[in-house]
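The chain contents come next:
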Amino acid sequence: MKKTTKKLLLALSLAAVLSVGGTLAYFTDTDETSNMMTIGHVDGSLEERTNEKNVEQTEDGITYLDKIVPGDVISKEPYIVLDGESQSAYARVTITVDSDADLDSEQKAKLELVKDNLDINNAEGWYKGDKGYYYYNQILNPGDTSKNIFTKVTIPGAQWDNTMTNLDMKIKIKGELIQSDNFTPQLEDGHIVSWGNDITIKEYKK
Amino acid sequence: MSKKKKLTLLLVAVLIVAVTGFTFAAQYTSADHTKKVSLNTLGISLVQTADASLADAKDEESTPSDRAKVSYKNIIPGKTINEKLAVKTDEDSQPAYIRVTATRYWVDKEGKKVEKAEGEEGYLDPEAIEIETKDQENWKVINDEDDPEVVYFYYLLPVNSDSETSHLMDSFKINEKYADNDYADMSTRIDFFAEGVQQSAGKDAILASWGINVTLDDSGKITNIEEQ
């Protein structure tokens, strides 16, 4: 081959390499999307009503203004209302009877009789379960009202004596709610008796 | 001829010939031949199918077809949302390798991202947001070691034109152990970013585009993924 031709071929190769080296790239493409999910909440309130006339009703509950004597039967109907924007839920309550007075053990035992005398509404779904809780056997849906937990308070008759006079008595009811979706309570004889041991109840903050 | 002169002549010769080379090409193409050079393209899009039984509404500002955003409300931890997500290639696309990056995080009631650190009060765990991928044979799921919000989904097979991957997401949920009032009324967001890169010279293309080394078998399937 002649020398001149050799140089020409070499130069053309160099030019080709120079031009190819400047445009190397890869084909790519992209796209994007997203989703969003908002968590619900569980919220409700404990409410009560009474047929008694001489009462004072506040946010904290009903104060009976008439003096009570042993053997009295007092109308008191507490129930739970599930908030309209809440998720469906199970309900349970605890009930305690105490006094602001400094009671001795005998007085405390007599006061406990008031709780024993409560007509817990088994017929309409409230049953005593574990750890002193009373469990509602039905799921409450948003806006639902439960059946009354009980309907009256019966003051002990013969068991109460003058050691119980002039005492202010308080019946405290504390309600708890838990989501019904993805939760299975424990049953016994068809009644809810427990929510299990791994539950942490916190107040819902609006 | 002296050496110096020889060099000069050579350089000049190269330059002249290079210019000449281009000129020749121009003259050649402007003559009787019109050559059409069609560039192959690469086009992908995400295919998002909402859980129709639970979807609240589509974002009004979403783009048409496959890029619609979806939202769900009043969901309880433990509830499975059967939203599907896949990637498809355009009709005229080159075969491509696909990667989708999912970024999951919590948003408060005002719509602001929750930026609390683990251990700090108000911290919400991004790992509570669980994405289910049924096709574990063809999707490789890798959690980012440094950022718990980020999850990578690598489709191991090259995707031909006008084809769709299997679902990288078959459903998602909040793990039921996070059924806690701290999470009540909070929202989760999952942002998906899909990337397609050409199958041809795939190993190099993936390294250049995604910064990872892959091993390919004879069929082009990714058999190993290694971060640099």
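As the structure is a computational prediction, the values presented were derived from the model and not from experiment.

Cut-offs and rules
- Residues numbered from 1 in each chain as written.
- Chains lettered and ligands numbered in written order.
- Predicted model: local features only at pLDDT ≥ 70, side-chain atom pairs only at ≥ 80, totals over all residues.
- Heavy atoms only, no water.
- Pairing = 2+ DSSP bridges.
- Helix = DSSP H or I, 4+ residues; strand = E, 2+ residues; numbered from the N terminus.
- Axes fitted to C-alpha atoms, helices over the stretch in contact; angles between N-to-C directions.
- Contact = heavy atoms within 4.5 Å.
- Buried area = accessible area lost by both parts, 1.4 Å probe.
- Salt bridge = Lys/Arg side-chain N within 4 Å of Asp/Glu carboxyl O.
- Buried < 20%, exposed > 50% of the residue type's maximum accessible area, 1.4 Å probe, protein only.
- Phe/Tyr/Trp six-rings, centres within 6.5 Å; stacked < 30°, edge-to-face > 60°.
- Core = buried A, V, L, I, M, F, W, Y, C linked by side-chain atoms within 4.5 Å.

**Quick word on the pairing of strand 11 (residues 212-216) of chain B**
Residue and element names in this part refer to chain B.
- Relative to strand 12 (residues 222-227), strand 11 is paired through five bridges, and the arrangement is antiparallel. Counted as the bridge partner of T215 is N224 from strand 12.
- Between the end of strand 11 and the start of strand 12, which pair antiparallel, lie five residues, with G220 showing a positive phi angle near 95°.

**A closer look at the sheet that holds strand 7 (residues 89-99) of chain A**
Residue and element names in this part refer to chain A.
- Reading across the sheet, the four strands line up as 8-9-7-11 and stay open at both edges, with antiparallel pairing between neighbours. Lying at the two open borders of the sheet, with one neighbouring strand each, are strand 8 (126-128) and strand 11 (169-179). For this sheet, the mean inter-axis angle between neighbouring strands, taken without regard to orientation, is 25°.
- Pairing analysis gives two bridges linking strand 7 to strand 9 (residues 134-136), with the strands arranged antiparallel. What sits directly across from V93, in strand 9, is Y134.
- Set on the sheet, helix 2 (residues 105-116) makes contact with strand 7, strand 9 and strand 11; between it and strand 7 the angle comes to about 150°.

**Observations concerning the interface of chain B and chain A**
- Taken together, the contact between chain B and chain A spans 61 residues of the former and 33 residues of the latter.
- Together, the buried faces of chain B and chain A total about 4100 Å²; carbon and sulfur atoms form 56% of this surface.
- Across the chain B-chain A interface, the total number found is two salt bridges.
- Where B:D182 meets A:K202, a salt bridge forms, and the shortest distance between an N and an O atom there is 3.1 Å.

**Concerning the environment of A:Y79**
All names here are of chain A.
- Tracing the chain through its elements places Y79 in strand 6 (residues 77-82).
- Overall, the relative accessible area of 10% leaves Y79 in the buried class.
- Taking the C-alpha atoms as reference points, Y79 and F150, 71 residues apart in sequence, are found 8.3 Å from one another.
- Contacts of Y79, omitting those with residues within four sequence positions, involve S45, L46, E47, E48, R49, T145, S146, K147, N148 and I149.

**Side note on the packing of aromatic side chains**
All names here are of chain A.
- Tallied over the full model, the rule gives eleven aromatic pairs over all chains.
- Measuring from centroid to centroid gives 6.0 Å for Y90 and F183, while their planes differ by 65°, and the two rings are edge-to-face. Of the two residues, Y90 sits in strand 7 while F183 sits in the loop between strand 11 and strand 12 (186-188), which places them 93 residues apart along the sequence. In this pair, the class of Y90 matches that of F183, namely buried.
- Considering the side-chain rings of Y133 and Y135, the 5.9 Å spacing of their centres and the 55° angle between planes classify their relative orientation as tilted.

**Section: the nonpolar core**
- Within the largest apolar cluster, 36 residues are counted, with the highest numbers of intra-cluster contacts made by B:I98, B:V100, B:W106, B:L168 and B:F192.
- Counting residues in each nonpolar core, the second largest holds 26 residues, with A:I95, A:I149, A:F150 and A:M164 among its members.

**As for the pairing of strand 1 (residues 28-39) of chain A**
- Pairing between strand 1 of chain A and strand 10 (residues 187-198) of chain B: eleven bridges, direction antiparallel. Note that in strand 10 of chain B the partner of A:M37 across the bridge is B:T188.
- Bridge count for strand 1 of chain A against strand 3 (residues 70-75) of chain B is four bridges, and the pairing is parallel. Directly across from A:M36, in strand 3 of chain B, lies its bridge partner B:S71.

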